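Secondary and tertiary structure notes
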Amino acid sequence: MTDAQTKVVQFEERTTECGKRLGIARLNSEKSLNALSLDMIQLLQPQLEQWAGDDDIAAVWLEGAGEKAFCAGGDIVAMYNAMRDQPGELVDEVADFFSQEYRLDYTIHAFPKPFIVWADGIVMGGGMGLMNGASHRIVTERSLLAMPEVTIGLYPDVGATHFLNQMPEGCGLFLGLTGAHMNASDAQFLHLADHFVASERKQQVLDALSAIQWGETASLNQQKVSDVLQQLGNEDAKLRPAGQVEAQHDLIKQLTAGDDVVSVVEAITTHESDDKWLSRASKTLASGCPMTAHLVWNQLHLGKDLSLPDCFRLELTLSVKCATRGDFAEGIRALLIDKDKQPKWQHTSVAEVSAEEVDAFFTSPWQQGEHPLADLGA
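The notes below deal with the structure included here. Residue positions are given per chain, counted from 1 along the sequence in the order it is written. Only residues with pLDDT of at least 70 get local features here, since the model is predicted, and only at 80 or more are side-chain atom pairs given and counted; chain-wide, interface and lining totals rely on the full set of residues. Side-chain descriptors were evaluated using all non-hydrogen atoms of the structure, hydrogens and water having been removed beforehand.

This brings us to the side chain of Ser-199. Every helix listed is a DSSP run of H or I at least four residues long, and every strand listed is a run of E at least two residues long, numbered separately from the N terminus. Along the polypeptide, Ser-199 turns up in the loop between strand 9 (195–196) and helix 9 (202–210). Filtering out sequence-adjacent residues up to four positions away, Ser-199 remains in contact with Trp-118, Asp-120, Thr-140, Glu-141 and Arg-142. Working rule for contacts: check all heavy atoms of both residues, and any pair within 4.5 Å makes them a contact.

Following this line, the structure appears as structure tokens:
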């Protein structure tokens, strides 16, 4: 194998018809469904910074290797090993991974040029973080999105404090609590994706981007990319899957209308439905981590008034607390290590969790000015 084949992220630059270049990055870990590792993050960050400052790079394209996944989440097994070896301690490996991951996500949000993500196949957790900052998020008939952290004792991070709050009423809370799966049509309804294009047309999209006569301003170039993707999307509209969320939106609003998280969780888990999507969401929440439900409720209420950098700073605090105080290690053990799918959560129900325990998760472990993301957005 060549170095290019073994690298966990592959980079190339394609010269466009007008002489500018398209920066292409490919997550290259097909076996792990392109799960985002620290090595990937540390390759992507400097390359994106270099492309952002290179006047000859007109736009950036990010994809995953293979046809199964764009990125199925963060590579959390290495973190599990560190947490297991130092239980209850703030472990460097955990703080480093999350702080570098969120910095990368923010870099994409703030990128000064068109940033196009080809979100084909599975997009979960860390993949959602990479996708959501992009200016142009493309989904296909194979796209399957979710923030399933309730199943591992974490909570929807990677900027979800921001993007779940941008969704139609009740949907962000419902999806954060249940980890429910979304298809391409759902993603567009929920403001998680901008364009739908058939999966077989990836090369055609890249060729069309290469044919753009790139201008001198970011806004003009953003529009040029939008026009190309809109045209292709219109031609493929008949391939769009039937949406699941929009059809249930009135019910989702009712189920999430409670005054506290205990009543909302009860409403969702006791609702009986013949709809397979709703029924699966309810079951996932019922067996999910009770502390996660409280974290989701509080992060979304707090996050409504936070800037994007402050959302990421809040999430880093929550993530390291999940590793030191929460059920994160146990969730990973049950799902990915022993694979018994029988996590023993610290609480048996959402009602059992005390306000004091929840508050502790929102207290930063760092002194003023020492937060690893203190400079974000500065």
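We are not done yet, so read on.
With that settled, consider the sheet that holds strand 6 (residues 122–124). In sheet architecture, strand pairing relies on hydrogen bonds along the backbone and comes in two forms, parallel and antiparallel. Here three strands make up an open sheet; going across it, the order is 4-6-8 and the pairing parallel. Two strands close off the open sheet at either side, each with one partner strand: strand 4 (69–71) and strand 8 (144–146). Taken pair by pair, the neighbouring strands of this sheet meet at an average axis angle of 15°, ignoring direction. In short, DSSP must find at least two bridges between two strands for them to pair. Pairing analysis gives two bridges linking strand 4 to strand 6, with the strands arranged parallel. Looking across to strand 6, one finds that Cys-71 is bridged to Val-123. Axis lines are fitted to C-alpha atoms, over the contacting stretch for helices. Their N-to-C directions set the angle, which ranges from 0 to 180 degrees.

Here His-191, not a glycine, exhibits a phi torsion of approximately 65°, which is positive. You can call His-191 partly exposed: its relative accessible area is 44%. Any residue under 20% of the maximum accessible area for its type is buried, any over 50% is exposed, and the rest in between are partly exposed; the area is computed with a 1.4 Å probe on protein chains only.

Strand residues, when the strand is regular, have side chains that alternate between the two faces of the sheet. In terms of residue burial, strand 5 (residues 115–119) counts as a mostly covered element, since five of its five residues are buried. Alternating positions in strand 5 separate into two faces, Phe-115, Val-117 and Ala-119 on one and Ile-116 and Trp-118 on the other, with burial throughout. Here strand 3 (residues 57–64) pairs with strand 5 via three bridges, running parallel. Residue Trp-61 lies in a different strand from strand 5, and its bridge partner there is Ile-116. For strand 5 and strand 7 (residues 136–139), the ladder comprises four bridges, and the chain directions are parallel. In the sheet register, Ile-116 faces strand 7, and the bridge partner there is His-136.

Another aspect to go through is the packing of aromatic side chains. Only rings of Phe, Tyr and Trp enter the pairing, Trp through its six-membered ring, and a pair is recorded when the two centres are within 6.5 Å. The plane angle decides the type: under 30 degrees is stacked, over 60 is edge-to-face, the rest tilted. Taken as a whole and judged by the stated rule, the model has nine aromatic pairs. Geometrically, the ring pair formed by Phe-11 and Trp-51 is edge-to-face, given 5.8 Å between the ring centres and 85° between the ring planes. You can see Phe-11 sitting in strand 1 (residues 9–15) and its partner Trp-51 sitting in helix 2 (residues 38–53), a full 40 residues away along the chain. For Phe-11, a relative accessible area of 29% corresponds to the partly exposed category. Exposure remark for Trp-51: the relative accessible area of 0% places this residue in the buried category. Taken together, a centroid distance of 5.7 Å and an interplanar angle of 80° make the contact between Phe-97 and Phe-98 edge-to-face. Of the aromatic side chains, those joined through ring pairs into one cluster are Phe-97, Phe-98, Tyr-102, Tyr-106, Phe-312 and Phe-328.

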